[in-house]
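# Chains, contacts and geometry: an overview
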Amino acid sequence: MKNGKRTISGQLRIGDNDLRTHLLPDILARIDAAQKLAGMNRVLFLPSRDKDINQTIVKHCRKSGLEVFLWYKVLTDNIIMPERSEVGQDAFGGSAGESGVWNRIFQSDETYLFACPANENYASLVLNRCRQKLEEFDGLFADCISYPLPSLGLEAIFTCFCASCRAREPRLKEWAERVREMRDSILSATDEDLERWGTFAGQARAFGLTGFYTYRTRLITALAGRYAALARDMGKEFGLDVLPPALAFFAGHDYAALGEFSDWLKPRIYLHTFGPSSIPLEYYCMATGGNAWARRVSMPVMMEFISRSINVGMPHSLHNLTQSSLTSDVLQSQINMAISMTGTSVHPGIECARHPEFDSDVDETTIFSAAKATAEGDCPGAVLAWNLLYMPDSFLRIVGDTLLA
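Summary of the structure given here. (Residues numbered from 1 in each chain as written. Predicted model: local features only at pLDDT ≥ 70, side-chain atom pairs only at ≥ 80, totals over all residues. Heavy atoms only, no water.)

### Brief notes about the overall build of the protein chain
To keep things clear, this is the line we draw: Secondary structure follows DSSP: runs of H or I at least 4 residues long count as helices, runs of E at least 2 residues long count as strands, and numbering of each begins at the N terminus. When accessible area is computed with a 1.4 Å probe and restricted to protein chains, residues below 20% of their type maximum are described as buried, those above 50% as exposed, and intermediate ones as partly exposed. We call two residues in contact whenever any of their non-hydrogen atoms come within 4.5 Å of each other. We treat Lys and Arg as the positive residues and Asp and Glu as the negative residues; His and chain ends play no part in the count. To locate a charge, take NZ of a lysine, CZ of an arginine, CG of an aspartate or CD of a glutamate.
Helix and strand counts for the protein chain come out as 16 helices and eleven strands. With respect to the three principal axes, the spread of C-alpha positions in the protein chain is 60 × 45 × 40 Å. With 405 residues in all, the protein chain has 60% of them scored as buried. Look at the contacts in the protein chain between residues 6 or more apart in sequence, and 82% of them connect residues 24 or more apart. Taking the 41 positively charged and 48 negatively charged side chains of the protein chain as two groups, their mean positions are separated by 4 Å.

Structure, rendered in C-alpha cells:
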C-alpha cells in the first residue's frame, strides 16, 4: 500500500478489434468510471497501433492523477514475434500442440504463440523495444514471460527443444528421449496407472525430467530479471504477471525467485472466464488432451489426475466449468498460496470484465467474492482484469465498496 492506500490497477488493452467498437471518448469514459467507482489509481496500458490515441490516453490519465504503467507482452503477441516456424518447439517436432488445443486459439487479436526465452536474438530485440517505450511511463508491468499452457495443446507443456535451447543446454537430447518415453507411458496408460501416478510433476520426476523443468524455470526467471533490471535502471517500479499457483509449474514460474526482484506479482487467478490461463480452460484442455493421448483411461479418472496435478478440487464434469462449482474457497486458497510462496507483494487479478471474445459467467457475486478474498488476504493491491473497456459500472462499484471500505 502507498500512504496506507491500496493500489488498484486497471488493465487497459486497445487492440484492433477494440478500436472498431470503441471511440476514443468511450475509452476515456471507462477510465474515468474505474477511477470513480473502483478507486483505481493506476492504469496498466497496452498501447494500440495508433500513437495519437495512445498519447491522448496517457495525457488523460496523468491529468486525472493516475499513474500509467507500460503493460508489455514479452514471449507472446509481441509485434516482433519470430516467424511461426521459429516459435518454440516441443519434443515431438511441432511448434504448437494439437491435443486438447483451445478451439479459439487463433481467432482474436491475440495468437498466444510462444517465443522461446532461450532465443537471445529475439529476447534482445523485445527488451530494447521495451526500453524505447518505457521512458514515458511511470512503471513497467511485464506480461507473458512464461512457457505455453495446455490451451495451446498438451504437447506445449513439453517445450522447448528449439535450436536456441539445443545450443544452450547439452542435456536436451537426453531429455527429449525421456519426454517421449513419458508420452508413451501416457499413451498406454490405464485407469489403474493414473491412479497410481499421483501428479503430472511427480510422473515427470519419475522419468528423470526434474532437470528439464528446472532448466525451464531458470530461463523464465532470468528473462523476467532482465526486465526488472531495466525498470530499476530507469527508476521505474516493476510488476510481473504470473500464473496462479495451480498452473505455475507448467508456466515455469518460481514465485520465490521472481519475488526477489519484483515490486509486486499479479497472479491471474481466473475462475469464471473460459480463456487462456484461466484455471477452467487449462483444466479442460489438459483433460481433453490427456484423454486424446490415453484412450484406455476413462475421463473421470483423467479429470481426477489433472485435479491432483494442479492441486485444485475441480468439478467432475467438463460442462459449465466456470460456474459456481469453482467456489470462492478456491480463489482464497490460491491467493493465500501465492502470498506464502513469495516474499514480495501480491496484487491478485480480479475478474471484472465480460469480454466478448470469451465465455464467462462473471457477475456481481463472483466479483464480490474476489474482492473480499483480496481484502481478507490483506493484499496491498489488486488488478482489475483484464480490460477496462468491458467492465460494467456495477462491477466496478462492488470492487470499490469492498476494497476501499
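### Concerning the sheet that holds strand β5 (residues 237-242)
Worth spelling out the cut-off: Any two strands between which DSSP finds at least two bridges are classified as paired. Lines fitted to C-alpha atoms define the axes, with helix axes restricted to the stretch in contact, and inter-axis angles between N-to-C directions lie between 0 and 180 degrees.
Spatial ordering of the open sheet is given by β8-β6-β5-β4-β3-β2-β1-β11-β9, a layout of nine strands whose pairing is parallel. Of all the strands in the sheet, the pair left with one neighbour each is β8 (345-346) and β9 (349-351). Relative to strand β2 (residues 42-46), strand β1 (residues 7-13) is paired through five bridges, and the arrangement is parallel. Bridge assignment links Leu 12 to a residue of β2, and that residue is Phe 45. Across the face of the sheet, helix α16 (residues 393-403) comes into contact with β1, β9 and β11 (381-385) while running at roughly 175 degrees to β11.

### Side note on the packing of aromatic side chains
Worth spelling out the cut-off: Stacked, tilted and edge-to-face pairs are distinguished by plane angle, under 30 degrees for stacked and over 60 for edge-to-face with tilted covering the rest, among Phe, Tyr and Trp rings (Trp via its six-membered ring) whose centres lie within 6.5 Å.
If you walk through the whole model with that rule in mind, you get 18 aromatic pairs. Measuring from centroid to centroid gives 6.4 Å for Phe 69 and Trp 264, while their planes differ by 40 degrees, and the two rings are tilted. Placement of the pair is Phe 69 in strand β3 (residues 67-73) and Trp 264 in strand β6 (residues 264-267), with a sequence separation of 195 residues. For the pair Phe 69 and Trp 264, a shared accessibility class is recorded, and that class is buried. Look at Trp 71 and Phe 141: their rings are 6.3 Å apart centre to centre, the planes differ by 55 degrees, and that puts the pair in the tilted class. Residue Trp 71 is located in strand β3, and its partner Phe 141 is located in strand β4 (residues 139-143); the two are separated by 70 residues in the primary sequence. For the pair shown, Trp 71 and Phe 141 are each scored as buried. An aromatic cluster of at least three residues, connected via ring pairs, comprises Phe 158, Phe 161, Trp 175, Phe 200, Phe 212, Tyr 213, Tyr 215, Phe 249, Phe 250 and Trp 293.

### Examining unusual backbone geometry
Following Thr 159, the chain continues into Cys 160 via a peptide bond in cis, with omega recorded as 20 degrees. Note on placement: Cys 160 falls in the loop between β4 and α5 (163-168). For the peptide bond that leads from Ala 385 to Trp 386, omega is -10 degrees, which places it in the cis range. Mapped onto the fold, Trp 386 is located in the loop between β11 and α16. Phi at Asn 311 takes a positive value of approximately 60 degrees, unusual for a residue other than glycine. When its relative accessible area of 57% is taken as the criterion, Asn 311 is described as exposed.

### A few points about helix α15 (residues 364-376)
What counts here: Each residue after the first adds 1.5 Å to the expected span of a helix. To obtain the arc, one takes the directions from the helix axis to the C-beta atoms. Identification of polar contacts relies on pairs of N or O atoms within 3.5 Å, with a donor-acceptor requirement for protein atoms, meaning one able to donate a hydrogen and the other able to accept it, and with residues adjacent in sequence counted only if both atoms are side-chain atoms.
With 13 residues, α15 extends 18 Å between its outermost C-alpha atoms, agreeing within 8% with the 18 Å of an ideal straight helix rising 1.5 Å per residue. Turning to α15, its buried residues are Thr 366, Ile 367, Ala 370, Ala 371, Ala 373 and Thr 374. All buried residues of α15 fall inside an arc of 160 degrees around its axis, so they share one side. The outward face of α15, more than 90 degrees from its buried face, is lined by the exposed residues Thr 365 and Glu 376. Residues of α15 that are buried make contact with α14 (328-341), β9, β11 and α16. At the N-terminal boundary of α15, the capping side chain belongs to Asp 363, with an oxygen 3.1 Å from the backbone nitrogen of Thr 365. With its phi angle positive at about 55 degrees, Asp 378 sits one or two positions after the end of α15.

### With respect to the packing of helix α6 (residues 172-187) against helix α9 (residues 210-233)
As a reminder, the rule being used: Oblique is the label for every angle not falling under 35 degrees (roughly parallel), over 145 degrees (roughly antiparallel), or within 65 to 115 degrees (roughly perpendicular). A crossing counts as left-handed when the near helix is turned anticlockwise from the far one by less than a right angle, and as right-handed when that turn is clockwise. Classes in brief: Ala, Val, Leu, Ile, Met, Phe, Trp, Tyr, Cys and Pro nonpolar; Asp, Glu, Lys and Arg charged; the others, Gly included, polar.
Interaxial distance between α6 and α9 falls to 9 Å at its minimum, and their mutual angle equals 120 degrees. Classified by the angle between their axes, α6 and α9 sit oblique to one another. Judged by the sense of rotation from one axis to the other, the crossing of α6 with α9 is left-handed. Contacts between α6 and α9 pair Leu 172, Trp 175 and Val 179 from the former with Gly 211, Phe 212 and Tyr 215 from the latter. Of the residues in the contact of α6 with α9, the class split is five nonpolar, one polar and no charged.

### Things to note about the pattern of salt bridges
This is how it is decided: Any carboxyl oxygen of Asp or Glu within 4 Å of a side-chain nitrogen of Lys or Arg constitutes a salt bridge here.
Under the definition given, this model contains 16 salt bridges. Arg 226 is paired through a salt bridge with Glu 120; the nearest N and O atoms lie 3.0 Å apart. Of this pair, Arg 226 sits in helix α9 while Glu 120 sits in helix α4 (residues 120-134), and the two are 106 residues apart along the sequence. Taking the relative accessible area as the measure of exposure, Glu 120 reaches 36% and is therefore partly exposed.

### Some remarks on α16
Here α16 has its buried residues at Phe 395, Leu 396, Ile 398, Val 399, Gly 400, Thr 402 and Leu 403. Tucked into the core, α16 has its buried residues touching β1, α2 (24-38), β9, α15 and β11.

### Observations regarding the pairing of β4
Walk down a regular strand and you will see the side chains alternate between the two sheet faces. Across the five residues that make up β4, a large majority, five, are buried. Here β4 shows no split at all, with Gly 139, Phe 141 and Asp 143 on one side and Leu 140 and Ala 142 on the other all buried. Note: β3 against β4, five bridges, orientation parallel. Its bridge partner being in β4, Lys 73 is matched across the sheet by Asp 143. Summarising the sheet, β4 and β5 pair through four bridges and their orientation is parallel.

As far as function goes, none of this settles anything; it's purely spatial.
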